[in-house]
Amino acid sequence: MAELNKLTAHELIEKLNNKEIVAEEILSALKKRIREVDSKVKAYVRLNKISEPANLRTKEQENKLKGIPVSIKDNICTDGLNTECCSKILEGFRPPYDATVIKRLRQAGAAILDAKTNMDEFAFGSSTENSFFGPTHNPWDLTCVPGGSSGGSAAAVSSDEAILALGSDTGGSIRQPAAFCGVVGLKPTYGRVSRFGLIAFASSLDQIGPITKDVQDCALLMNVISGYDPRDCTSVNIKVPDYTKSLVNDVKGIKIGIPKEYFIAGMDPEVKDILEEAINQLKGLGATYKEISLPHTEYAVAVYYIIATAEASSNLARFDGVQYGFRSQKSEVRSQNLIDMYKKTRGNGFGQEAKRRIILGTFVLSHGYYDAYYLRALKVRTLIKQDFDQTFKEFDCIITPTSPTPAFKIGEKIEDPLKMYLSDIYTISANLAGIPAISVPCGFTKKGLPVGLQILAKPFNEEMLFRLAYAYEQNTSWHKMKPKL
Amino acid sequence: MAISKDTVKYVAHLARIELKPKELEKLSKQLQNILDFIDKLNKINIENIAPTSHILPINNVLREDIASGESLPIDKALMNAPERQAHFFVVPKVIE
């Protein structure tokens, strides 16, 4: 009964099945924990609007998740529940529909928590410092960032303020915060999970994915949210396997590629040592590894910041004060003209990073610059994808650090956008190539900050990620460690 | 590639974003930094490489032109409107 919020979903499901507990007790424990620590962590936004008690789905149906609460990032639409992308320009927005992943969660019996998790505004960021509501604090060191843009979801799972969470990942926004917070985060293959109802950042890169306490919970959640959706024309009609069947503690014979370009002079030496230790451990379990080359790695960040910002400039054109959210000078509507209203609304409603990306994206698409920037970036994207296609002919998976450093201090990188962008260097390529990737905890620095190990596999081979991640996890205890709050 | 303050101002106009003078100053410097970094892409030989605008081998995803039966009622469609009148979103004048 005590501290149910500290358990994993699969442990809670067992207790629910044995009728030891009922779902309401889990929600109570969670809310108690949120009241205790969220003033320090700030993983959630608009908290005072949490209703008591929440509606729990009690109908049987195919009730896999049995009323377990799921915490949702603020860019995923939930019917009747504010969804604001942590931006001033979407304040008060209440979607009139559920995203497909939310629909699937409800059908599986999950309880959607009615406070959303904090994020960088419109998913623009790697630290959650760009949120209109202020930053989330890393539960392992409250002076540090939780990572971003799904920092709220990762911090909540890490601090046991959430059982299961959803995030979104465009350039690393699930995996990097998962690594910084010592939890599991998975970015599915592009097209595996429906984007219908995800407020778009970059339509050719975005994916929704799970952030969880362990690999088994991640597989559970992937089973529920994955699958073809006719409402998302980029979703793929490939059967969803039962990912829990890949949770096998056996990696004998698995061929791992270690890209030399990811182990470079600039990375934190502790991260390097911890990763090498983890890779050796996998070798001890029967996997083999070999150095490989992904020659176009050094261009990935540049390619990403052209393509992603270009797509963002298009996707964010809809935020203009007309249909929803913030509108500048509402009371003087008759004295302005429309263009003036657009400019003032967007100038006032968007944060600095959003403006920076939209203007950069507009620039690279504009007449005279399109070929030199956008078209060129699309071609280099092809080369980056080819690097992976080549590698997966011989290797089952690729292992890298998730981030070159552990969590940095709040305020450390915010004044230098380029420095912030470079922290995505290991995660970005997976989005450009559309391949699945998972981050699992693999150690701690001397200062007690978590370090993440990233596994990449070929498209629609999440099973390989689960198999390797599970075996590694079951032979270590990183996932059992909790921050002291 | 150099980007002038005037160019940034013009692009902001295209993007319908009003920038304060201090913002314009700061942003121009930051964008110049970013563009300098991006210039490394000019080193690569992209001759005969096809662009990848979409990562999946699927094209022209269409459906039958039949109404799905699930329409958003007007009140729901307008419920987030900053200003509305009857069945319309109200905006400042469009025509000069």
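Preceding this section is the structure that the text describes.
Residues numbered from 1 in each chain as written. Chains lettered and ligands numbered in written order. Predicted model: local features only at pLDDT ≥ 70, side-chain atom pairs only at ≥ 80, totals over all residues.

### What about the environment of K283 of chain A?
All names here are of chain A.
Part 1: Here K283 lies in helix α7 (residues 269-284).
Part 2: Residue classification places K283 among the partly exposed residues on the basis of 13 C-beta atoms within 10 Å.
Part 3: Separated by 32 residues in the primary sequence, K283 and V251 have C-alpha atoms spaced 8.9 Å apart. (Helix = DSSP H or I, 4+ residues; strand = E, 2+ residues; numbered from the N terminus. Buried ≥ 20, exposed ≤ 12 C-beta atoms within 10 Å, placed from the backbone.)

### A closer look at the pairing of strand β11 (residues 437-444) of chain A
All names here are of chain A.
Part 1: Counting buried residues along β11, 7 of its 8 residues qualify, which places the element largely inside the surrounding structure.
Part 2: As judged from the 3 bridges shared by strand β6 (residues 184-187) and β11, these two strands associate in the antiparallel manner. Following the sheet pairing, G185 is matched in β11 by S439.
Part 3: Between the antiparallel neighbours β11 and strand β12 (residues 450-456) lie 5 residues, among them G448 with a positive phi of about 85°. (Pairing = 2+ DSSP bridges.)

### Remarks on the environment of N138 of chain A
Residues and elements named next belong to chain A.
Part 1: Tracing the chain through its elements places N138 in the loop between β4 (116-117) and α4 (151-158).
Part 2: Taking C-alpha positions, N138 is 29 Å from R467, a pair spaced 329 residues apart along the chain.
Part 3: Residue contacts for N138: discarding those within four places in its chain leaves C144, V145, P146, A155, F180, C181 and A407. (Contact = placed C-beta atoms within 7 Å.)

### Comments concerning unusual backbone geometry
All names here are of chain A.
Part 1: Of note, the bond from G148 into S149 is cis; its omega dihedral lies within 30 degrees of zero at 10°.
Part 2: Assignment of secondary structure puts S149 in the loop between β4 and α4.
Part 3: For R46, which is not a glycine, the phi torsion comes out positive at approximately 55°.
Part 4: Along the chain, R46 turns up in the loop between β1 (44-45) and β2 (69-72).
Part 5: Note on R46: 17 C-beta atoms within 10 Å, which makes it partly exposed.
Part 6: With a phi angle near 55°, F122 is a residue other than glycine that sits in the positive phi range.
Part 7: Structurally, the position occupied by F122 is in the loop between β4 and α4.
Part 8: What makes F122 buried here is the crowd of 29 C-beta atoms within 10 Å.

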